[in-house]
Amino acid sequence: MASKQAKEFLKESDEKAFDLNHRKIINYNIDKYNTAVKVGISRFNNLENSKRKGYSLKWKVIENLDKVLPEFESNFQCKGGKVIWAETAEEAQDEIWKIISRNNAKSVIKSKSMATEEINLNEFLEKKGIETLESDLGEYIVQLLGQKPYHIVTPAMHLSLEDIAKLFHEKFGTPLNATAEQLTLKARELLRDKYLKADIGITGANFIISDTGSIALTENEGNARLSTTFPKIHIVVVGIEKVIPSLTDLDLFWPLLSTHGTGQNLTVYNTILNGPRQENETDGPEEMYVVLLDNGRTNVLAQKEQRQGLYCIRCGACLNACPIYKNIGGHTYNSTYSGPIGSLITPHMKGMEAFKHLSDASSLCGKCTEVCPVKIDIHNMLLANRRDAVKNRLSPEMERLGWKVYTSAVSKRSYLDFFGGKFKNFILSTFMKKPWGKRRKLPTLSEKSFSKQWKEKQNNPLE
Ligand code: SF4
């Protein structure tokens, strides 16, 4: 039987793929992205070389996680920070809650972080009565709408300026025809005070650096800097795969991320944090924690081939390139990570049985692999996922039976020719109509098979 998630996925993608307004907005935004990225990546002297280097560094670090993560831990803790290891989302939530309640904190300011999305941190904190505010503009917009981020880099990519102006008009009374600048100013005005008053700042991390025990944050709005500077406590929630060996590797990963993520040479603000405020320093938090999140990543690591999914630097390029993503949109995947990379890692992180269908949601055109800055062989890994699902007998029983019958039917010409076209068409329309989909017309097989027609032609060449 198909999983509940698979059925929902099929239903929602069918609706979204025919939502012309959605398509118009996404195409417009992705077109802008494509133009910018073309310019961005043209600035590399030898892009292919940089991508290869990125791949090999990530390969090395993922193969040695058991050494580099403890190295990061000890270097970070040397400077007064504390590392917390969380195996599951619940463990991460509990640890964060311990810090919050120990400090009697009432409010949290957050900067964009997919790892916190993964552990449903906002919902968890809201239930506990903690005011939690997203400070990244795109995240703030989707939070106001009560939605999840649509895209790992641009959370509000599915919204037009008019949509956002209408939202701000309803929430804050700004003019319906407000410009992007006016809306940004309004958000800034609303958020500025919150940075000063928040008890705790929570961020993700784009990279954690093993040899110096540092956190690297990349952003365009300066909100992460404010979230980490004003509050007395800073908590970083980060997946264990985000580690890189050395501070010097940032000269490769920063431009790879910015050019492939947004087309910028370098993102506007790049910050390296080395722990809580030291004695002679004037700003920064008094306490700093890094929650190292597993939450299914070691299951990805356990896959010899697919573990390369952990090399991902979350640039979003494969999402923007994917013909499936562009048609069905980010929310349909119902997972924190959408698009090709989400389809690759989610079945291992959240369960193959429930999420194997995502690996089928690909045309295998290979565009995702082509654009990936760290050369993850995404489309072939999706095939590997499909293979593993079949090997582990996770495909529906009817499908397995169907393939068995089909395999033996096509194994001999005499079997294939035994039934006439009428019967074959009957079988097709009975068993294939539903999976074929209501928007496509089933092909009609001819009355006589090709081999019969061929034989007849040979016997009567003039006909
Ligand atoms: S898989 Fe590659 S292209 Fe896709 S988000 Fe990750 S780094 Fe970017």
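Scroll up for the structure.
Attention here is on the structure that accompanies the text. As the structure is a computational prediction, the values presented were derived from the model and not from experiment.

When helices and strands are tallied, the protein chain shows 25 helices and ten strands. Dimensions along the principal axes, computed over C-alpha positions, put the protein chain at roughly 100 × 55 × 50 Å. If you sum the accessible surface of the protein chain, you get close to 23800 Å²; carbon and sulfur atoms cover 55% of it. Here the protein chain contributes 65 positive and 55 negative side-chain charges, whose respective centroids are spaced 8 Å apart.

Pairing between sheet strands relies on hydrogen bonds along the backbone, with the strands arranged either parallel or antiparallel. With respect to topology, four strands assemble into an open sheet ordered β8-β5-β6-β9, the strand pairing being mixed. The strands lining the two open edges of the sheet, one partner per strand, are β8 (243-244) and β9 (269-273). By the bridge criterion, three bridges tie strand β5 (residues 207-209) to strand β6 (residues 214-219) in an arrangement that is antiparallel. Among the inter-strand pairings, F207 is bridged to a residue of β6, identified as A216. Of the strands in this sheet, β5, β6, β8 and β9 are in contact with helix α12 (residues 250-261), which crosses β5 at around 175°.

Now for the side chain of K186. Mapped onto the secondary structure, K186 falls in helix α10 (residues 180-197). Residue classification places K186 among the buried residues on the basis of a relative accessible area of 18%. Aside from chain neighbours lying at most four places away, what touches K186 is F168, F172 and T174.

Next up on the list: empty space enclosed by the protein. This structure, assessed with the given rule, holds three cavities of 30 Å³ or more. Lining the largest cavity are 15 residues, with C312, C315, C318, C372 and P373 positioned closest to its centre. Looking at which element gives the most residues to the lining of the largest cavity, the answer is helix α14 (residues 317-321), with three residues. Residue composition of the lining of the largest cavity, grouped by class: 13 nonpolar, one polar and one charged. As for the second largest cavity, its lining consists of C322, P323, I324, P340, S362, S363, L364, C365, G366, K367, C368 and H379. Mapped by element, the contributors of at least two residues to the lining of the second largest cavity are α15 (323-328) and α19 (367-371).

Here the focus is the environment of G201. Looking at where G201 falls in the secondary structure, it is placed in strand β4 (residues 200-203). On the basis of relative accessible area, G201 is assigned to the buried category, the value being 0%. The sequence separation of G201 and D66 amounts to 135 residues, and the corresponding C-alpha distance is 29 Å.

We now examine the nonpolar core. Judged by nonpolar contacts, the single largest core of 73 residues is most densely connected at F207, I208, I215, V290, L292 and I376. Examining the composition of this core, we find that six residues originate from one element, α12, more than from any other. The contacts of I376, once residues within four sequence positions are left out, are Q308, G309, Y311, C312, I341, L344 and T369. In this structure, A92, I96, V108 and I202 belong to the second largest nonpolar core, which totals 23 residues.

For N104, which is not glycine, the phi dihedral falls at a positive 55°. Within the secondary structure, N104 sits in the loop between α5 (89-102) and β2 (107-110). Unusually for a residue other than glycine, R314 sits at a positive phi of about 55°. By secondary structure assignment, the location of R314 is in the loop between α13 (297-301) and α14.

A word on the sheet that holds β4. Pairing is parallel in the open sheet, where six strands are placed in the order β1-β10-β7-β4-β2-β3. Both edges of this open sheet fall to β1 (82-86) and β3 (131-134), since each of them pairs with a single strand only. Strand-to-strand, the axes of this sheet are offset by a mean angle of 20°, without reference to chain direction. As paired strands, strand β7 (residues 233-239) and strand β10 (residues 287-293) are joined by seven bridges and run parallel to one another. In the strand pairing of β10, G239 is matched with L293. Of the strands in this sheet, β1 and β10 touch helix α4 (residues 65-78), which is tilted by about 145° from β1. Against the sheet, α10 makes contact with β2 and β3, and its axis sits at roughly 130° relative to β3, the strand it touches most.

Our next topic: the packing of helix α9 (residues 161-172) against α10. With their axes 10 Å apart at the nearest point, α9 and α10 run at an angle of 40° to one another. Between α9 and α10, the crossing angle belongs to the class labelled oblique. Like other packed secondary-structure pairs, α9 and α10 cross with a definite hand, here left-handed. Where α9 approaches α10, its residues L161, I164, A165, F168 and F172 are matched on the opposing element by A180, L183, K186, A187 and L190.

Conventions used here
Residues numbered from 1 in each chain as written. Predicted model: local features only at pLDDT ≥ 70, side-chain atom pairs only at ≥ 80, totals over all residues. Heavy atoms only, no water. Helix = DSSP H or I, 4+ residues; strand = E, 2+ residues; numbered from the N terminus. Areas by Shrake-Rupley, 256 points an atom, 1.4 Å probe, with all protein chains shown as cover. Lys, Arg positive; Asp, Glu negative; His and termini not counted. Charge placed at Lys NZ, Arg CZ, Asp CG, Glu CD. Pairing = 2+ DSSP bridges. Contact = heavy atoms within 4.5 Å. Axes fitted to C-alpha atoms, helices over the stretch in contact; angles between N-to-C directions. Buried < 20%, exposed > 50% of the residue type's maximum accessible area, 1.4 Å probe, protein only. 1 Å grid on protein atoms, 1.4 Å probe; cavity = no way out; pocket = protein on both sides within 12 Å on 5 of 7 lines; lining within 4 Å. Points joined across faces, edges and corners; volume = space filled by probe spheres on them. Nonpolar A, V, L, I, M, F, W, Y, C, P; charged D, E, K, R; others polar. Core = buried A, V, L, I, M, F, W, Y, C linked by side-chain atoms within 4.5 Å. Parallel < 35°, antiparallel > 145°, perpendicular 65-115°, else oblique. Left-handed = near helix turned anticlockwise from the far one by under 90°.

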